[in-house]
Amino acid sequence: MIFNPKQLQTYYNIFGKEKLLLLWAEYLEQSQISWHEVETLDWSVRRSKFHNWRSSSLVFGMEDFSVLCTKIEENILKKRFEQLSKQIKDSKTLYEQSIMQVKQHICQLEKNNE
């Protein structure tokens, strides 16, 4: 499952609409910056980026993306660099698919709570 709406709903209930939307905007803004620079960073900083994505993406229900971030982080730690180029490319695609689903769900939540 690329996106788990129950996870997003849980955090929506905890934070409320305004706080969740603020967190979502910050997540998207920081992610955009990170995607632009990720290929130029040394491996320890890349690992940190994927570690942060792993945990923060779960707030929004982006489970598959989080799992792939974990694999990338582990491969960097274990110095398995041969797989990383493809995994990072795949993670970007999965990220984009995931955020589209989250955006659609957030719009639905907002309509339901008007």
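Our subject is the structure that appears above.
Residues numbered from 1 in each chain as written. Predicted model: local features only at pLDDT ≥ 70, side-chain atom pairs only at ≥ 80, totals over all residues. Heavy atoms only, no water.

Caption draft 1: Spatial organisation of the packing of helix H2 (residues 17-37) against helix H3 (residues 43-59). Relative orientation of the contacting elements H2 and H3 amounts to 155 degrees, with a least axis distance of 12 Å. As summarised for this structure, H2 and H3 are arranged roughly antiparallel, according to the angle between their axes. Note on packing geometry: the crossing formed by H2 with H3 is left-handed. On the side of H2, the interface is formed by Tyr 27, Gln 30, Ser 31, Ser 34, Trp 35 and Glu 37, while H3 contributes Lys 49, Phe 50, Trp 53, Ser 56 and Ser 57. Grouping the amino acids of the contact of H2 with H3 by side-chain chemistry returns 4 nonpolar, 5 polar and 2 charged. (Axes fitted to C-alpha atoms, helices over the stretch in contact; angles between N-to-C directions. Helix = DSSP H or I, 4+ residues; strand = E, 2+ residues; numbered from the N terminus. Parallel < 35°, antiparallel > 145°, perpendicular 65-115°, else oblique. Left-handed = near helix turned anticlockwise from the far one by under 90°. Contact = heavy atoms within 4.5 Å. Nonpolar A, V, L, I, M, F, W, Y, C, P; charged D, E, K, R; others polar.)

Caption draft 2: Up close: the side chain of Ser 66. By secondary structure assignment, the location of Ser 66 is in helix H4 (residues 63-77). Classification of Ser 66 by relative accessible area gives buried; the value is 4%. In terms of polar contacts, Ser 66 uses its side chain to reach the backbone carbonyl oxygen of Arg 54, at 2.8 Å. Setting aside chain neighbours within four positions, we find Ser 66 in contact with Arg 54, Ser 57 and Leu 58. (Buried < 20%, exposed > 50% of the residue type's maximum accessible area, 1.4 Å probe, protein only. Polar contact = N/O pair within 3.5 Å; in protein donor to acceptor, adjacent residues only side chain to side chain.)

Caption draft 3: Layout of the nonpolar core. By size, the foremost hydrophobic cluster in this structure holds 27 residues, and its most contacted members are Trp 24, Tyr 27, Phe 60, Met 62 and Phe 65. Among the elements of the structure, helix H1 (5-15), H2, H3, H4 and helix H5 (84-112) are those that each provide at least two residues to this core. What Tyr 27 contacts, discounting residues up to four positions off in sequence, is Trp 53, Ser 56, Ser 57, Phe 60, Met 62, Phe 65 and Tyr 95. (Core = buried A, V, L, I, M, F, W, Y, C linked by side-chain atoms within 4.5 Å.)

Caption draft 4: Seen up close, the side chain of Lys 49. Assignment of secondary structure puts Lys 49 in helix H3. Lys 49 sits in the buried class, given a relative accessible area of 17%.

Caption draft 5: Inspection of the packing of aromatic side chains at higher detail. By the definition in use, this model includes 14 aromatic pairs. Ring centres of Tyr 27 and Phe 60 lie 5.2 Å apart, and the angle between their planes is 45 degrees; on these two criteria the pair is classed as tilted. Taken as a pair, Tyr 27 in helix H2 and Phe 60 in the loop between H3 and H4 lie far apart in primary sequence, 33 residues in all. A single burial state applies to Tyr 27 and to Phe 60, both of which are buried. The interplanar angle of 45 degrees and the centroid separation of 6.3 Å between the aromatic rings of Tyr 27 and Tyr 95 together place this pair among those described as tilted. Here the residue Tyr 27 occupies a position in helix H2, and Tyr 95 occupies one in helix H5, the gap between them amounting to 68 residues. With respect to burial, Tyr 27 and Tyr 95 carry one shared label: buried. Linked through ring pairs, Trp 24, Tyr 27, Trp 35, Phe 50, Trp 53, Phe 60, Phe 65 and Tyr 95 together constitute an aromatic cluster. (Phe/Tyr/Trp six-rings, centres within 6.5 Å; stacked < 30°, edge-to-face > 60°.)

Nothing here speaks to function; it is geometry throughout.
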